[in-house]
Amino acid sequence: MKTDPDVIVIGAGGGGPVIAKELGERGINVLVVEAGPWYGNKKWPEPNQNRGKAKMSSDPGDLDGSLYRNQFTRLENDMNDLVTGKFRWGSADRRRTPWYRNVPDRSFLYQSAGIGGSTVHYYANSLRAFPQAIDDEWPINYDDLIPYYEKVENTLPVEFAPTTSKEALFYYGAEKAGFPLNQTLDVTSSGYRPQPNAILPPNEHLMDPDVSLEELSHMEGCTLSGHCGQGCPYGPSLEKMAKRSTNVSYVPLAMKTGNVTFRPNTFVMKILTEDSASGKPRATGVQIRDTWTGEMEELSAGIVVMAAGCIETPRLWLNSELPHNDWVGRGMTTHYMDMVTGTFDAQTLMEILGSPSVNPFVGHTSGARLDYPGLGMIENLGESPGLSAQQAFGFSQYGYNILRGPGSDKWDQRGRLTGSELEEAMNGYKRSLTLLIVTDDEVQYQNRVELDPNIKDEHGPVPFVRYTPSEKSKKRRDQLAKVATTMLRGAGASQVHRSDLPPNYYIHIQSTMRMGFVVDSSCEAYQVQGLYIADNSVDYNALGGPNPTLTTQALATRTAELLADKYF
Ligand SMILES: Cc1cc2nc3c(=O)[nH]c(=O)nc-3n(C[C@H](O)[C@H](O)[C@H](O)COP(=O)(O)OP(=O)(O)OC[C@H]3O[C@@H](n4cnc5c(N)ncnc54)[C@H](O)[C@@H]3O)c2cc1C
Ligand code: SF4
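This structure is a prediction, so every number in the text was calculated from the model and none was measured.

This brings us to the pattern of salt bridges. As enumerated under the stated definition, the model contains 32 salt bridges in all. Glu-214 serves as the salt-bridge partner of Arg-69, at 3.9 Å between the closest nitrogen and oxygen. Taken as a pair, Arg-69 in helix H2 (residues 65-71) and Glu-214 in helix H7 (residues 213-217) lie far apart in primary sequence, 145 residues in all. As a salt-bridge pair, Glu-297 and Arg-263 come within 3.2 Å of each other at their nearest N and O atoms. Taken as a pair, Glu-297 in strand E10 (residues 296-300) and Arg-263 in strand E7 (residues 260-263) lie far apart in primary sequence, 34 residues in all. By relative accessible area, which is 4% here, Arg-263 ends up buried.

Glancing now at the site of ligand 2. The immediate surroundings of ligand 2 are formed by Ile-199, Cys-222, Thr-223, Leu-224, Ser-225, Gly-226, His-227, Cys-228, Cys-232, Tyr-234, Lys-243 and Gly-363. A breakdown of the residues in the shell around ligand 2 according to their chemical character gives six nonpolar, five polar and one charged.

With that settled, the discussion passes to the site of ligand 1. Within the structure, ligand 1 sits among 35 residues, and Glu-34, Ser-118, Asn-125, Asn-536 and Thr-549 are positioned closest to it. Gly-114 is positioned such that a nitrogen or oxygen atom in its backbone is 3.2 Å from an oxygen atom of ligand 1. Between ligand 1 and Thr-549, the relevant distance is 2.8 Å, taken from an oxygen atom to a side-chain nitrogen or oxygen of the residue. Relative to its free-state accessible area of 990 Å², ligand 1 is covered by the protein chains to the extent of 98%. Listing elements by their share of the shell around ligand 1, those giving two or more residues are strand E8 (266-274) and helix H9 (309-319). Residue contributions to the shell around ligand 1 peak at three residues, all from E8.

Looking at where Thr-261 falls in the secondary structure, it is placed in strand E7. A relative accessible area of 1% places Thr-261 in the buried class. As a C-alpha pair, Thr-261 and Ser-58 span 203 residues in sequence and 4.3 Å in three-dimensional space.

In this sheet, E10 lies alongside strand E9 (residues 282-290) in antiparallel orientation, the contact comprising five bridges. In the strand pairing of E10, Arg-289 is matched with Met-296. A loop of five residues connects E9 with E10, the two strands running antiparallel in sequence, and Gly-294 in this loop sits at a positive phi of about 80 degrees.

This part is about the packing of aromatic side chains. Summed over all chains, the structure comprises 21 aromatic pairs. On the numbers, 5.1 Å between centres and 75 degrees between planes, the contact of Trp-89 with Trp-99 is edge-to-face. Note that Trp-89 is positioned in the loop between helix H3 (76-80) and strand E3 (108-109) and Trp-99 in the loop between H3 and E3, a separation of 10 residues in sequence. Its relative accessible area of 8% is what places Trp-99 among the buried residues. An aromatic cluster of at least three residues, connected via ring pairs, comprises Tyr-39, Tyr-68, Phe-72 and Phe-87. Taking the ring centre of Tyr-445 as reference, the NZ or CZ of Arg-330 above it sits at 4.4 Å. The cationic tip of Arg-514 hangs over the ring face of Trp-327; the distance from NZ or CZ to the ring centre is 5.0 Å.

With that out of the way, let us pick up the pairing of strand E12 (residues 337-343). By the criterion of burial, E12 is predominantly enclosed, with seven of the seven residues buried. Residues Met-337, Met-339, Thr-341 and Thr-343 line one face of E12 and the alternating positions Asp-338, Val-340 and Gly-342 line the opposite face, and both faces are buried. Pairing analysis gives seven bridges linking E12 to strand E16 (residues 432-439), with the strands arranged antiparallel. Along E16, the bridge assignment pairs Val-340 with Leu-435. Bridge analysis of E12 against strand E19 (residues 495-498) gives four bridges, and the strand direction is antiparallel. Of the residues in E19, the one forming a bridge with Thr-341 is His-497.

The next point concerns unusual backbone geometry. Following Leu-156, the chain continues to Pro-157 via a peptide bond in cis, the omega torsion being -10 degrees. Structurally, the position occupied by Pro-157 is in the loop between helix H5 (142-155) and strand E4 (159-160). Positioned with a positive phi, Cys-523 is a non-glycine residue whose angle comes to about 70 degrees. We note that Leu-543 has phi near 65 degrees; this positive angle belongs to a residue other than glycine. Inspection of the secondary structure puts Leu-543 in the loop between strand E21 (531-533) and helix H15 (549-567).

This part takes up the side chain of Thr-119. Of note, Thr-119 is situated in the loop between E3 and helix H4 (131-134). Looking at Thr-119, the relative accessible area reads 3%, which means it is buried. For Thr-119, the side chain forms a polar contact with the main-chain oxygen of Gly-116, separated by 2.6 Å. Setting aside its immediate chain neighbours within four residues, Thr-119 contacts Gly-13, Gly-14, Lys-243, Ser-245, Thr-246 and Thr-549.

With that settled, consider the sheet that holds E21. Taken together, five strands build an open sheet; the order of strands is E7-E2-E1-E11-E21 and the sheet is parallel. This sheet does not close on itself; its edge strands, each paired only once, are E7 and E21. The sheet shows a mean angle of 20 degrees between the axes of neighbouring strands, taken without regard to direction. Relative to E21, strand E11 (residues 303-306) runs parallel, the two sharing three bridges. Note that in E21 the partner of Met-306 across the bridge is Ile-533. Taken strand by strand, helix H1 (residues 16-25) contacts strand E1 (7-10), strand E2 (30-33), E7 and E11, and its axis lies near 170 degrees from that of E2. Across the sheet, H9 touches E1, E11 and E21, and the angle it forms with E11 is around 135 degrees.

Counted at 1.5 Å a residue, the expected span for H15 with its 19 residues is 27 Å, and the 26 Å between its end C-alpha atoms agrees. In terms of residue burial, H15 counts as a mostly covered element, since 14 of its 19 residues are buried.

With that settled, the discussion passes to the nonpolar core. Counting residues in each nonpolar core, the largest one holds 94 residues, and the members touching the most others are Ile-10, Phe-262, Trp-317 and Leu-531. When residues of this core are assigned to their parent elements, the largest contribution, seven residues, is made by H15. If we skip the residues at most four places from it in the chain, Phe-262 touches Ala-12, Val-32, Trp-38, Met-56, Ser-57, Ile-115, Val-251, Ala-254 and Met-255. Judged by nonpolar contacts, the second largest core, of 27 residues, contains Phe-170, Leu-480, Ala-481 and Leu-488.

What counts, and at which threshold
Residues numbered from 1 in each chain as written. Chains lettered and ligands numbered in written order. Predicted model: local features only at pLDDT ≥ 70, side-chain atom pairs only at ≥ 80, totals over all residues. Heavy atoms only, no water. Salt bridge = Lys/Arg side-chain N within 4 Å of Asp/Glu carboxyl O. Helix = DSSP H or I, 4+ residues; strand = E, 2+ residues; numbered from the N terminus. Buried < 20%, exposed > 50% of the residue type's maximum accessible area, 1.4 Å probe, protein only. Near = heavy atom within 4 Å. Nonpolar A, V, L, I, M, F, W, Y, C, P; charged D, E, K, R; others polar. Polar contact = N/O pair within 3.5 Å; in protein donor to acceptor, adjacent residues only side chain to side chain. Areas by Shrake-Rupley, 256 points an atom, 1.4 Å probe, with all protein chains shown as cover. Pairing = 2+ DSSP bridges. Phe/Tyr/Trp six-rings, centres within 6.5 Å; stacked < 30°, edge-to-face > 60°. Lys NZ or Arg CZ within 6 Å of the ring centre and 35° of its normal. Contact = heavy atoms within 4.5 Å. Axes fitted to C-alpha atoms, helices over the stretch in contact; angles between N-to-C directions. Expected span 1.5 Å × (residues − 1). Core = buried A, V, L, I, M, F, W, Y, C linked by side-chain atoms within 4.5 Å.

The following block contains the structure:
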């Protein structure tokens with residue numbers, strides 16, 4: 001176990017483990033402190049019941065795939081319940097309530113605490129930004145990012161998703177709507193394509209009747225079992241699990257460098273600084289709180305990297321009383337989302353797929369996409385039944401469909417479904433295709449994370465999160481909803497339902513500590529020497545619509561290089 005780290009990284013989600021691995025490979029001693037628990041580590045065999053004897057782990061031999069398998073189940077509620085689920089936003093100790101964030105209006109802030117962070121429940125779609133969203137917009141060019149994209153794509157690794165029935169139907173609908181196949185990772189025009197995805201290709205025995213599904217799930221490769229959103233415990237060992245969330249990809253690689261230690265169950269309360277000769281404060285370490293015992297401690301390091309995510313990184317800056325910057329917590333984007341679901345007759349499906357059902361739960365949760373530079377993108381979503389019912393039919397800004405009618409001749413239903421309407425929709429679940437609309441929303445100064453003036457928890461004033469889409473974003477989302485509907489109708493859907501999600505459906509949060517405003521182009525804070533950021537918050541904008549994590553990971557890789565060159 002290493003002591004006196006050179007660098008402390010705060011948060012082990014999408015970005016933290018990436019910068020830790022890159023620095024560790026350069027011989028730099030790193031401590032990653034993570035607020036949530038660690039699944040799949042022998043030192044914490046019962047992460048939610050027992051605090052465990054150890055405080056940290058740096059030996060890759062501590063990682064245990066069988067333990068991970070037992071801890072991650074296929075049950076939606078067991079994993080995704082917001083209070084008791086393994087992926088909840090809160091401490092490992094389930095006797096305590098989840099951590100509170102104040103969000104006005106109907107909202108769903110989807111975030112997970114633990115080693116792997118929100119990537120444990122992400123769908124692993126690993127996209128490059130649209131070049132037009134970077135060039136002449138960001139302080140760096142798209143070409144600057146390409147070598148780092150390539151490095152992350154090779155490390156995770158990123159592969160093209162295989163086609164199951166729902167992707168076949170998606171491609172069919174996209175072609176009927178007149179879109180071409182996109183054949184490049186650097187997307188400049190609209191078109192459909194298999195999802196570039198951080199999921200290992202299916203095992204070669206997948207269709208072999210002599211190999212059972214149970215046997216397959218212990219082998220290397222995706223089993224198309226469709227539980228990506230419940231985590232993925234399928235593979236021969238922890239580091240070979242099919243879905244490449246950072247806890248199974250970058251965390252083991254970081255540990256193998258021999259220079260990186262991870263400390264779970266540790267909430268950073270404050271960044272510590274001292275005056276420096278440069279005239280601006282210099283980061284010197286962090287104040288931490290053990291989430292099981294409440295014990296507080298101070299840890300020192302020459303460099304501190306914030307990777308606590310788009311809500312907690314600005315909260316931590318503000319709670320640490322770091323120098324005032326007008327853009328801390330400001331300009332938040334959230335890829336303003338919607339969902340459109342088509343239900344098909346068995347006969348139509350027979351003609352297109354040669355099968356009377358789509359079975360959305362089979363295969364990667366989201367294996368196909370339509371990129372539409374200028375508007376955003378559309379991808380398929382094959383969540384399991386409970387999550388589908390909740391997200392596609394149970395959450396809306398439109399109110400109840402039965403009370404308001406469809407609201408447009410484009411959709412047969414719009415808004416929340418209950419009673420017989422919900423029953424009918426779920427009866428058609430196996431014959432349905434849900435399209436997730438991901439809008440490239442505009443950066444607006446008033447969309448923000450700030451400190452709640454009235455409410456505190458054990459880690460200080462809680463974040464207050466506010467987001468209202470601009471008129472331009474609303475128009476873009478409506479246009480994408482129409483494109484998605486045209487795809488579904490073109491493919492022969494007999495019934496189309498639009499969810500009309502509320503704006504506060506937070507999944508792809510970005511840009512609360514923007515490059516060029518809070519950090520410079522190497523992601524070092526303008527106002528605090530030796531303080532870096534390596535999470536989604538440094539994104540200058542919403543990337544044009546593509547899913548954010550690959551760009552965060554490419555930036556974290558680049559930041560490690562620039563940080564090491566400057567300070568080591
Ligand atoms: C259902 C779902 C599906 C998604 N699918 C995709 C997808 O397919 N592709 C994609 O690109 N993106 C996807 N995303 C988004 C993706 O999860 C995020 O882009 C990514 O995880 C963000 O990385 P991050 O490092 O910014 O934050 P996070 O991954 O949230 O990590 C932050 C970490 O910091 C820890 N932390 C916070 N505060 C503190 C503190 N004070 N002290 C110590 N630790 C702290 C947290 O516990 C957490 O582990 C999805 C999100 C959801 C919810
Ligand atoms: S479909 Fe998803 S959950 Fe199933 S094995 Fe593949 S990556 Fe894992």
